[in-house]
Amino acid sequence: MDGEMLARWVLAFIFFYHGLVPKILFTSETEIRMIEAHGLPVDPLWVARAGGVIEILLAIVLLVFSHHRWPLYLVGGMLILLLLDVAFFSTELLFEAFNPVTLNISALALVAVALKESREGQAVMKPQPTMHG
């Protein structure tokens, strides 16, 4: 398995796990508090579960569209937006033992590795011009 696919599989695992376990199967109180911090007039449990479904779909997209770079950009953008969301609405989580800073920065590094590896793979696959003479 090359570096790009390893990074994609780990990213897919992160999104799948975080979508399924703390959002759908065992809805985390922290998830509920983060959603409630937005002051939205919707059921936070519903939002958590919908978010879980979206994360699971992202995991699948990362693997199904493994020959495309756009899922990596999508995941990278979401990781940045989610980190900013926590910074503005649930700042106290940035100081916990297991927190969004370390998780999101690590996942962003995996996105960067996958993008770098995919660029290098494309460069190797491009036909080289030949000289006729």
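Above this note sits the structure.
Residues numbered from 1 in each chain as written. Predicted model: local features only at pLDDT ≥ 70, side-chain atom pairs only at ≥ 80, totals over all residues. Heavy atoms only, no water.

1. A word on the overall build of the protein chain
Thought 1: A tally of regular secondary structure across the protein chain gives five helices and zero strands.
Thought 2: Ordering the α and β elements of the protein chain from the N terminus gives α-α-α-α-α.
Thought 3: Long-range contacts, defined as pairs at least 24 residues apart, comprise 69% of the intrachain contacts of the protein chain with a sequence gap of at least 6.
Thought 4: When the accessible surface of the protein chain is totalled, it reaches about 8700 Å², and 72% of it is carbon and sulfur. (Helix = DSSP H or I, 4+ residues; strand = E, 2+ residues; numbered from the N terminus. Contact = heavy atoms within 4.5 Å. Areas by Shrake-Rupley, 256 points an atom, 1.4 Å probe, with all protein chains shown as cover.)

2. Thoughts on helix H1 (residues 3-25)
Thought 1: Given a rise of 1.5 Å per residue, 23 residues ought to cover 33 Å, and the 31 Å separating the end C-alpha atoms of H1 matches this to within 8%.
Thought 2: Among the residues of H1, those classed as buried are Glu4, Ala7, Arg8, Leu11, Ala12, Ile14, Phe15, Gly19, Val21, Pro22 and Lys23. (Expected span 1.5 Å × (residues − 1). Buried < 20%, exposed > 50% of the residue type's maximum accessible area, 1.4 Å probe, protein only.)

3. Considerations on the packing of aromatic side chains
One pair of aromatic rings is described through two measures. These are the centre distance and the angle between the planes.
Thought 1: Applying the stated criterion to the full structure yields two aromatic pairs.
Thought 2: With a centroid separation of 5.8 Å and an interplanar angle of 35°, the aromatic rings of Phe13 and Tyr17 are classed as tilted. In this pair, Phe13 and Tyr17 both sit in helix H1, four residues apart, roughly one turn of the helix.
Thought 3: You can call Tyr17 partly exposed: its relative accessible area is 39%.
Thought 4: Plain terms: the ring middles of Phe65 and Trp70 are 5.3 Å apart, the flat faces sit at 50° to each other, and that makes the pair tilted. (Phe/Tyr/Trp six-rings, centres within 6.5 Å; stacked < 30°, edge-to-face > 60°.)

4. Let's talk about the packing of H1 against helix H3 (residues 44-64)
Thought 1: The interhelical angle for the contact between H1 and H3, taken along N-to-C directions, is 160°, at an axis separation of 8 Å. One element, H1, and the other, H3, form an angle in the roughly antiparallel class. Like other packed secondary-structure pairs, H1 and H3 cross with a definite hand, here left-handed. Seen from H1, the contacting residues are Arg8, Trp9, Leu11, Ala12, Phe15, Phe16, His18, Gly19, Leu20, Lys23 and Ile24; seen from H3, they are Ala48, Arg49, Gly51, Gly52, Val53, Glu55, Ile56, Leu58, Ala59, Leu62 and Leu63. (Axes fitted to C-alpha atoms, helices over the stretch in contact; angles between N-to-C directions. Parallel < 35°, antiparallel > 145°, perpendicular 65-115°, else oblique. Left-handed = near helix turned anticlockwise from the far one by under 90°.)

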